[in-house]
Amino acid sequence: MNGAQHIPEEDLALYAMQALSPEETRAVQAHLDVCPACRQAVSEALGDLALVGASVELQPLPQGARERFMQRIGADSNLATSSDRSTRPAHSEATVTAMPRRSLFGTIGWLAAAAALFFAAWLANQDHNLRQQLNAQRWQVTQLAAKADRAQDLMDALTSRSAQRVTLTEGKQTAKPAGHATYLPSRGALIFTATNMRPLPSNKTYELWLIPANGTGPVPAGLFRPDATGSASVVLPALPQGVPAKAFGITIENAVGSTTPTLPIILSGS
Amino acid sequence: MPENQVNPINPYDRARDAGRSATGKPEEAALLARVIKGDQDAMVAIYDRYAPMIYSVALRVLKDPGEAEDIVQEILVQVWQNPASFVSERGSFGAWLVVVARNRSIDRLRRRKPSESVDEVVLPATTNLANEAERSIMLEKVRQVLVGLPTEQQKSLELAFFEGLTHTEIAAKTGDPLGTVKTRIRMALTSLRKAMQS
């Protein structure tokens, strides 16, 4: 125990991530210097964090990175075998001894140089900040593009004519017409899929209806015609937001659709 | 039953058992031993094995390919210049590289001086990242565990690990109490460890 209380596990994990304040970090470090148990706990937390880090998706290295690395270690090797660094003249001393006595103009020159350096540093800082912002935005765009691709895949899977649709039944039952609606009232988001629907004459269409829970009239929720296998889908039709559904129903309407359902309702569910 | 039919697929546990971690570590030690002698081919072999992982971690944090490549060079040149200190002092070499890649990237992101204190802590041999096959199985499991964490835990861990925010900054950003932030991060890591040990 080292005569001292151990550091809480929460703080050790944060220490391992360098997520403590400088003062807290110093306090933890001082304890770790004398506490093998807490050092072991930090070590284990770092092992966990290594897994978190290593779980990132592997990205290909930039082109030429390997060659640049090889050049670097090659140069490093040459440097190590070249003449002793200590034989080189001390640059700072030479500079100081060679410097002439300062004049007023010389002082102004130095001040101007210092100002220029300061300005250059400020510009570099601005440049760095802008680059970070740009990179962050690029990253966001990449993430959004990935999400958009995913959403598009979802849409394609639900609506593409080439998507395979299979109805699973128990034993060898004959599949009956059926519809499945998934509805999120707060967003007015509806996904509807139908299977084994009977074919319709060309001048007719199926129409999906949302029956509001508040007792108002049925809301048209999309037209659809089944494909050769009897499958169809209605994905995200234009619906008002915040209308909870009491039920959904399907009617057969003229090809252009209708604003009110024509009886009978051939499929319904609540 | 032949040995290859026994179900041994728990790389985390296997890697914990130093006596059985014949998948990567001895080879890694041999490579480092050659690097100590100045063998550039061995260093390039280490580069080929670990540079993509270091780069991916750095890129995830910095979101800048050029800066991420700098991190790769910085860390692996350090290994090249001082390989002896890695042979037995750091525990799991691959895990150490990942942690240091993350720390150096956060230092660069936050424009602070590189902090060595955490880099110098020895990691246990719990994370054998040297063997590609085991690594991919293990990391897939890690990803599943992380995705399955409660959203708040995921978010807190993400902000601390990949964005380098302190617990105070996370609390300010999320509006949660400090203690809650700390607990979420600890619980996330505990869940990960338990899942990997199960």
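Residues numbered from 1 in each chain as written. Chains lettered and ligands numbered in written order. Predicted model: local features only at pLDDT ≥ 70, side-chain atom pairs only at ≥ 80, totals over all residues.

Caption draft 1: Representation of the nonpolar core in the model. All names here are of chain B. Counting residues in each nonpolar core, the largest one holds 74 residues, and the members touching the most others are Ile54 and Ala58. The dominant element in this core, judged by the number of residues it contributes, is helix 3 (residues 40-62), at 13 residues. In this structure alanine 58 touches Ala68, Ile71, Val72, Ala101 and Ser105, once residues within four positions along its chain are discounted. (Core = buried A, V, L, I, M, F, W, Y, C linked by C-beta atoms within 7 Å. Buried ≥ 20, exposed ≤ 12 C-beta atoms within 10 Å, placed from the backbone. Helix = DSSP H or I, 4+ residues; strand = E, 2+ residues; numbered from the N terminus. Contact = placed C-beta atoms within 7 Å.)

Caption draft 2: Spatial organisation of unusual backbone geometry. All names here are of chain A. Put simply, leucine 263 and proline 264 share a cis peptide bond, and its omega is 5°. On the secondary structure map, proline 264 appears in the loop between strand 6 (245-254) and strand 7 (267-269). Even without glycine at this site, glutamine 18 takes up a positive phi of about 55°. If you trace the backbone, glutamine 18 turns up in the loop between helix 1 (9-16) and helix 2 (22-32). On the basis of neighbour count, glutamine 18 is assigned to the buried category, with 21 C-beta atoms found within 10 Å.

Caption draft 3: Representation of the pairing of strand 6 of chain A. With nine bridges connecting them, strand 3 (residues 204-212) of chain A and strand 6 of chain A associate as antiparallel partners. Bridge pairing in strand 6 of chain A places lysine 204 of chain A opposite asparagine 254 of chain A. (Pairing = 2+ DSSP bridges.)

Caption draft 4: Examining the sheet that holds strand 3 of chain A more closely. Residue and element names in this part refer to chain A. The four strands are arranged 4-3-6-7 in an open sheet whose pairing can be described as antiparallel. Strand pairing shows two members of the sheet lacking a second neighbour, strand 4 (219-224) and strand 7, which therefore form its edges. Here the average twist between neighbouring strands, direction ignored, is 20°. (Axes fitted to C-alpha atoms, helices over the stretch in contact; angles between N-to-C directions.)

Caption draft 5: Structural context of the UniProt feature "domain: Putative zinc-finger" (unreviewed entry) in chain A. Mapped onto this numbering, the UniProt entry gives "domain: Putative zinc-finger" (unreviewed entry) at residues 10-39 of chain A. The span residues 10-39 of chain A is 73% helical and 0% strand by assignment, and the distance between its end C-alpha atoms comes to 14 Å. (UniProt positions renumbered as here; feature names shortened; annotations may be inferred.)

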